[in-house]
Amino acid sequence: MDVAHGWSDLAELSFPGTPHGTQVPAPPAEGPATVNKEAPPGLLCHILTACRVDMKEAGLFVQDLGFAPADYYPGLLKNMVLSLVSELRENHLNGFNTQRRMAPEQVRSLSRVCTPLVTLPDFRPLKISLPTSAVVCLWLRHLPSLEKAVLHLFEKLISSERNFLRTECLVKDSLLPVAACHPAIFRVIDEMFSPGSVGTPCSTSVLLRCALLDTDGASDMLAAIQVFTRCFVDALERENKQLKFALKTYFPYAPPSLITVLLQRPKDIPQGLWHRSLECISGMLREIAEDRTHGSRGGPFECWFLFTHFGEWAEITAEQLLMSEAGPPEALLWLLAFSYSPPDQSQQRAQTMVEVRAVLGRLATLLRSPTFSARDVQAAAGTQGAGAARPPACQRLIRHLLLTFLLWAPGGHAVAREVITLMAPTEEITHEIAGFLDQTVCRWDRVCMEAPRPRQLATELLTELRSQGQLRPVEMQPPRGAQAC
């Protein structure tokens, strides 16, 4: 056992019920050198002093034996740590043996000896990695540490460039998806973002919920929730080959039939049947959202929040509408309008559906045209006249429809850069477009979508947006005559 592992055991044994090891910062690049040359002497002084050993006398004795400090400090420190671990572990194993158990004063004294583990900056290089089971136990017993872990994760996510692969790595490394397999932890994390939580929310919950509401459900916060849910579902399948807990335990306010459909992975369903799943989801969500009594199922916003956990289905809706040869189905139109603006009343949502249907009709006409310009695409979006009065959520919906059209239409590849330049007058919208392209490419990978030309265009545009901060000068090329993928 090395010193770091010994300290990990000490953390688990001597600080029950407190957020100890998980908060120690990661060691710097020169960490190993610091541990070997600097940390042991100071740590030994602390431990030996706490144990009422004269450090000066001990040092003189070892020097008389002919050993240099660099030789004996690491070994002595290791033995001291192992001794402390042994005492504490024996105390735990003898929990029911009152004669052999340590007195509370002894446990408290040993805990004080271990204080440098979490308080002294000199010993930060001694990073502690608690096993997942210990972290889960900590979060179950100490709510502030769980809230802090969630807040820390989202601070990392929103402070860096949006990248779904990096987001997924950060989410997995946080251990939160694995810990969320325990329903109590999942409910706490979910409540921190749920707009309809029961009781008085904690300050961290209020902070994160406000961040979510301020984004209108369209920013990195929402994307992170979707990534977390996907990682959670993956962890749930690994941890619970036969579900230990019913799905109702995780989503107590949602109909089990709706959760069952949402949990279906698009890649496990033939693409030709995706529209059926979407129509089923739309029907159940619409029944809940337009139910004025609501009751235990919550209102439209709670319904939308549940749907956004499973972002793949929301993203597929626009593609299905564009590829529909028989005209846009009513159910999919409602689902798309609802996913972008859940607070809308029925009349507002109906107006959004009318506008989206009109835009889809004009885009279908362009799709059949052998050639079209960027201005034609802009006109199809209806950016003049009534378009100026569109709510922000509706504008964002139309932008994403246009991007989807450009990726799939044969002629869209030639004018994509010019169209994006026209539709992105601000840095905020440019960031939104880059996030949409990144999310789309990652989704195609997850659902095994065969889309070589759209994928190539999306990747090129995304690379340009990230590397240059703006698109290359427009290079007009004649459209290809091939059919859409």
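Residues numbered from 1 in each chain as written. Predicted model: local features only at pLDDT ≥ 70, side-chain atom pairs only at ≥ 80, totals over all residues. Heavy atoms only, no water.

### As for the overall build of the protein chain
Point 1. Assigned secondary structure in the protein chain consists of 26 helices and zero strands.
Point 2. Put simply, the protein chain has 485 residues, and 48% of those count as buried.
Point 3. Considering only contacts within the protein chain whose residues lie at least 6 apart along the sequence, 73% involve residues at least 24 apart.
Point 4. Entry remark: accessible area of the protein chain is about 24100 Å², with carbon and sulfur atoms responsible for 56%. (Helix = DSSP H or I, 4+ residues; strand = E, 2+ residues; numbered from the N terminus. Buried < 20%, exposed > 50% of the residue type's maximum accessible area, 1.4 Å probe, protein only. Contact = heavy atoms within 4.5 Å. Areas by Shrake-Rupley, 256 points an atom, 1.4 Å probe, with all protein chains shown as cover.)

### As for the confidence of the model for the protein chain
Point 1. The predicted model of the protein chain has a mean per-residue pLDDT of 74, with 62% of residues at 70 or higher.
Point 2. Below pLDDT 50 for its whole length, residues 471-485 participates in 29 contacts with residues either more than four positions away or in separate chains. (pLDDT = per-residue confidence, 0-100.)

### Here's the deal with the environment of E287
Point 1. In this fold, E287 is placed in helix α17 (residues 274-289).
Point 2. Note: C-alpha distance between E287 and P300 (13 residues apart in sequence) is 9.9 Å.

### Brief notes about the environment of V377
Point 1. Mapped onto the fold, V377 is located in helix α22 (residues 374-380).
Point 2. According to the relative accessible area criterion, V377 is buried, its value standing at 0%.
Point 3. In the structure, V377 is positioned 28 residues away from F405 in sequence and 9.3 Å away in space, judged by C-alpha atoms.
Point 4. Those residues within four positions of V377 in sequence are excluded, and the remaining contacts are L366, F372, L402, F405, L406 and V419.

### A closer look at the packing of α17 against helix α19 (residues 311-323)
Point 1. Following both chains from N to C, one finds α17 and α19 inclined at 120°, their axes separated by 10 Å at the closest point. Taken together, α17 and α19 sit at an angle that is classed as oblique. Considering how the two elements wind past one another, α17 and α19 form a crossing that is left-handed. Residue-level inspection shows W274, H275, S277, L278 and I281 of α17 in contact with α19, the latter providing W313, I316, T317 and Q320.
Point 2. Among the residues forming the contact of α17 with α19, the class breakdown is five nonpolar, four polar and no charged. (Axes fitted to C-alpha atoms, helices over the stretch in contact; angles between N-to-C directions. Parallel < 35°, antiparallel > 145°, perpendicular 65-115°, else oblique. Left-handed = near helix turned anticlockwise from the far one by under 90°. Nonpolar A, V, L, I, M, F, W, Y, C, P; charged D, E, K, R; others polar.)

### Thoughts on the packing of aromatic side chains
Point 1. This structure, assessed with the given rule, holds nine aromatic pairs.
Point 2. Taking the centre distance of 4.8 Å and the plane angle of 10° together, the rings of W334 and F338 count as stacked. Pair noted here: W334 and F338 are both in helix α20 (residues 330-340), with a separation of four residues, about one helical turn. There is no split in this pair, since W334 and F338 are both buried.
Point 3. These aromatic residues form a ring-pair network of at least three members: F186, F228, F232, Y250, F251 and F310. (Phe/Tyr/Trp six-rings, centres within 6.5 Å; stacked < 30°, edge-to-face > 60°.)

### Quick notes on helix α24 (residues 412-423)
Point 1. Between its first and last C-alpha atoms α24 spans 14 Å; for twelve residues at 1.5 Å apiece the expected length is 16 Å, and the helix comes up short by more than 12%.
Point 2. The buried fraction of α24 amounts to nine of the twelve residues, a majority that puts the element mostly inside the structure.
Point 3. Taken together, the buried positions of α24 are G412, H413, A414, V415, A416, R417, V419, I420 and M423. (Expected span 1.5 Å × (residues − 1).)

### Here we look at helix α25 (residues 427-446)
The periodicity of an α-helix, 3.6 residues per turn, causes residues three or four positions apart to be oriented the same way.
Point 1. Taking 1.5 Å of rise per residue, 20 residues should cover 28 Å, and α25 covers 29 Å from first to last C-alpha, within 8% of that figure.
Point 2. The element α25 is extensively covered by neighbouring structure, given that 16 of its 20 residues are classed as buried.
Point 3. Within two residues after α25, C448 carries a phi angle of roughly 60°, on the positive side.

### A word on the packing of α17 against α20
Point 1. Following both chains from N to C, one finds α17 and α20 inclined at 60°, their axes separated by 9 Å at the closest point. With respect to α20, the axis of α17 lies oblique. Between α17 and α20 lies a crossing of left-handed hand. Across the interface between the two elements, H275, L278, E279, I281, S282, L285, R286 and A289 of α17 pack against E330, A331, L332, W334, L335 and F338 of α20.
Point 2. Of the residues belonging to the contact of α17 with α20, the class tally is nine nonpolar, two polar and three charged.

### So, the pattern of salt bridges
Working definition: two side chains of opposite charge can pair if their charged atoms are close together.
Point 1. Considering all chains together, one arrives at 17 salt bridges under this definition.
Point 2. We note a salt bridge from D234 to R265, for which the minimum N-O separation is 2.5 Å. Highlighted residues: D234 in helix α14 (residues 220-239) and R265 in the loop between α16 (256-262) and α17, separated in sequence by 31 residues.
Point 3. Among the ionic contacts, a cluster of salt bridges with common partners joins E168, K172 and R230. (Salt bridge = Lys/Arg side-chain N within 4 Å of Asp/Glu carboxyl O.)

### A few points about the side chain of R446
Point 1. Looking at where R446 falls in the secondary structure, it is placed in helix α25.
Point 2. Here E312 takes part through its side chain, which lies 2.5 Å from a polar atom of the side chain of R446.
Point 3. Discounting residues that sit within four places of it in the chain, R446 has contacts with F164, R230, K267, E312 and E315. (Polar contact = N/O pair within 3.5 Å; in protein donor to acceptor, adjacent residues only side chain to side chain.)

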